[in-house]
Amino acid sequence: MDKIIKTLSPLTESTYYVLLTLQQPLHGYGIIKQVEEMTSGRLQLAAGTLYGVLQNLVKYKCIKLFSKEEVGKKKKEYVITETGKQLLKYEVKRLEQMVYDAKQGGAI
Amino acid sequence: MVIKHKLFLAWNMKKEQSWLEEQARNGLILKRVGFMSYEFEEGEPQDLVFQFDFQVMNKKNEQEYLDLFQDWHLVNRVGSWYYFYKLRSNDKTDVIYNDNQSKKEMYTRLAVILAVVALPLYSNLILIFPNLEEEAFAFPNFYFFFRIIVIILIALHMYSLLKILYIRAFYNKSIKE
């Protein structure tokens, strides 16, 4: 786990939001739409970037394929794993600390 | 239908993109890309934005990959290059890579593949030793010619690889800053 955190943190903005949206299972294009909605259009995941992020997160077992019992092939859906949740928790803490430090320093 | 032949190099992607965008503004819409050849269909002038991706993947993953590009039109794949375009919207949706991390990763893939495919070429490196000539080959003239070609190819390859690694290093540096 420490190794994964060390490799991936600080997360890129895209990676961070992919992990956020995958609290629920979603397919690739669904992630783009979800992030757009979540950030009120501020962040538009670029398709090529998203593909790389998904590949990377699967490689580090932070997300996994979500398989439904249903018959009939649907688009591949992903969902966050326990490892992914821990990584996200670590990152949120780090970001909170950064905001806290800015406030302490009187920057905002 | 209009066919144009032109050579663009991998580190000059922007040049190729602007050229294709210019064609589209003149009413030539890209229909098919081949090696050094571009097939256009004449139509209404359009303000398009072109983006290329370099991906090595099997057929199984390709569908999943292309599903992400629903806002883009895929022209076709040439080797490992995917040619996409869409109507320009003059905002952040006009790109397929929006951070330096993923740009760097694309150039990493490109460099690795470029290095691997050239391994057979480098197996000829032994030919650059001048004293092999007389003993090893029955046709010294042909051998001389062959040697020159190998040296030129290796030089070109090294130049390409360095160019690509240089771009990759640029994005890598931008991540760390």
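Note that the coordinates shown come from a computational prediction; the quantities given were computed from them, not determined experimentally.

Q: Looking at this model, I keep getting lost on the overall build of chain A. Mind explaining?
A: Broken down by element type, chain A carries 5 helices and 3 strands. When its helices and strands are written in sequence order, chain A yields α-α-β-α-α-β-β-α. Viewed in the frame of its principal axes, chain A has a C-alpha envelope of about 55 × 35 × 25 Å. Chain A carries 17 positive and 11 negative side-chain charges, and their two centres are separated by 6 Å.

Q: How should the pattern of salt bridges be read in this particular structure?
A: Any two side chains of opposite charge can pair, on the condition that their charged atoms come close. One pass over the structure, following the stated rule, counts 11 salt bridges over all chains. The closest approach of N and O atoms between Glu-91 of chain A and Arg-94 of chain A, which form a salt bridge, is 2.7 Å. In this pair, Glu-91 of chain A and Arg-94 of chain A both sit in helix α5 (residues 82–104), 3 residues apart, roughly one turn of the helix. Judged by its relative accessible area of 25%, Arg-94 of chain A is partly exposed. In this structure, the salt-bridge partner of Glu-62 of chain B is Lys-59 of chain B, at a minimum N-O distance of 3.1 Å. Highlighted residues: Glu-62 of chain B and Lys-59 of chain B, both in helix α2 (residues 59–67), separated by 3 residues, approximately one helical turn.

Q: Can you help me understand the sheet that holds strand β5 (residues 73–78) of chain B in this one?
A: Pairing between the strands of a sheet is mediated by backbone hydrogen bonds and can be parallel or antiparallel. All names here are of chain B. Taking strand neighbours across the sheet as the criterion, the 3 strands line up as β4-β6-β5 in an open arrangement whose pairing is antiparallel. The strands lining the two open edges of the sheet, one partner per strand, are β4 (48–54) and β5. Taking the axes of each pair of neighbouring strands and ignoring which way they run, one obtains an average angle of 20° across the sheet. Relative to strand β6 (residues 81–87), β5 runs antiparallel, the two sharing 4 bridges. Across the sheet, Leu-74 pairs through a bridge with Phe-84, a residue of β6. Along the sheet, helix α3 (residues 100–117) makes contact with β4 and β6, crossing β4 at roughly 50°.

Q: I keep staring at a nonpolar patch on the surface and nothing clicks. Help me out?
A: A surface patch of nonpolar side chains, about 660 Å² in accessible area, is lined by Phe-144, Phe-145, Ile-148, Ile-149, Ile-152, Leu-153 and Leu-156 of chain B. With respect to the secondary-structure elements, Leu-156 of chain B resides in helix α6 (residues 140–176).

Q: Help me out: how do you make sense of the confidence of the model for chain B in this one?
A: Low-pLDDT stretches of the model should not have their predicted coordinates read in fine detail. Residues of chain B with pLDDT of at least 70 account for 91%, and the chain-wide mean is 89. Taken over the whole predicted complex, pTM reads 0.88, whereas the ipTM for its chain interfaces reads 0.85.

Q: Explain the nonpolar core to me, please; I cannot follow it from the model alone.
A: One recurring pattern in soluble globular proteins: nonpolar side chains tend to sit buried together. Membership of the largest hydrophobic core comes to 65 residues, with the highest contact counts inside it found for Val-18, Leu-19 and Ile-31 of chain A together with Leu-20, Leu-30, Tyr-38 and Tyr-83 of chain B. No other element matches helix α4 (residues 47–59) of chain A, which puts 6 residues into this core. For Leu-30 of chain B, the contacting residues outside a window of four places in its chain are Leu-20, Tyr-38, Glu-39, Phe-40, Phe-50, Val-75, Tyr-83 and Tyr-85 of chain B. In terms of nonpolar packing, the next biggest core, distinct from the first, is built from 5 residues, Ala-118, Leu-121, Tyr-122 and Ile-154 of chain B among them.

Q: Before we go on, may I ask you to explain the sheet that holds strand β3 (residues 37–42) of chain B in this structure?
A: Residues and elements named next belong to chain B. Read across the sheet, 3 strands follow the order β1-β3-β2 without closing on themselves; strand pairing throughout is antiparallel. Each edge of the open sheet is held by one strand with a lone partner, namely β1 (2–5) and β2 (28–33). Within this sheet the neighbouring strands show an average axis-to-axis angle of 35°, counted without direction. Sheet topology places β2 next to β3; 5 bridges connect them, and they run antiparallel. Residue pairing in the sheet places Leu-28 in a bridge with Glu-42 of β3. Its contacts with the sheet place helix α1 (residues 13–25) against β1, β2 and β3, and it is angled at close to 25° to β3.

Q: What is the right way to read the environment of Glu-36 of chain A from this model?
A: Residues and elements named next belong to chain A. Here Glu-36 is to be found in helix α3 (residues 28–38). The spacing of Glu-36 and Tyr-17 is 19 residues in sequence and 9.9 Å in space, taken between C-alpha atoms. Filtering out sequence-adjacent residues up to four positions away, Glu-36 remains in contact with Gly-41, Leu-43 and Gln-44.

Q: Even after reading the chapter, I still don't get the packing of aromatic side chains, so can you show me in this structure?
A: By convention here, two paired aromatic rings are described through the distance between centres and the angle between planes. Residues and elements named next belong to chain B. This structure, assessed with the given rule, holds 17 aromatic pairs over all chains. Ring centres of Trp-19 and Tyr-38 lie 5.1 Å apart, and the angle between their planes is 70°; this geometry places the pair in the edge-to-face category. Here the residue Trp-19 occupies a position in helix α1, and Tyr-38 occupies one in strand β3, the gap between them amounting to 19 residues. The class for Trp-19 is buried, based on a relative accessible area of 12%. When its relative accessible area of 3% is taken as the criterion, Tyr-38 is described as buried. Aromatic pair Phe-54 and Trp-81: ring centres 5.1 Å apart, planes at 65°, arrangement edge-to-face. Pair noted here: Phe-54 is in strand β4 and Trp-81 is in strand β6, with a separation of 27 residues, a long-range link. Phe-54 gets classed as buried once you look at its relative accessible area, which sits at 5%.

About the cut-offs
Residues numbered from 1 in each chain as written. Chains lettered and ligands numbered in written order. Predicted model: local features only at pLDDT ≥ 70, side-chain atom pairs only at ≥ 80, totals over all residues. Heavy atoms only, no water. Helix = DSSP H or I, 4+ residues; strand = E, 2+ residues; numbered from the N terminus. Lys, Arg positive; Asp, Glu negative; His and termini not counted. Charge placed at Lys NZ, Arg CZ, Asp CG, Glu CD. Salt bridge = Lys/Arg side-chain N within 4 Å of Asp/Glu carboxyl O. Buried < 20%, exposed > 50% of the residue type's maximum accessible area, 1.4 Å probe, protein only. Pairing = 2+ DSSP bridges. Axes fitted to C-alpha atoms, helices over the stretch in contact; angles between N-to-C directions. Contact = heavy atoms within 4.5 Å. Patch = residues over 30% accessible without salt bridge, like charges linked within 9 Å, V, L, I, M, F, W, Y side chains within 5 Å. Areas by Shrake-Rupley, 256 points an atom, 1.4 Å probe, with all protein chains shown as cover. pLDDT = per-residue confidence, 0-100. Core = buried A, V, L, I, M, F, W, Y, C linked by side-chain atoms within 4.5 Å. Phe/Tyr/Trp six-rings, centres within 6.5 Å; stacked < 30°, edge-to-face > 60°.

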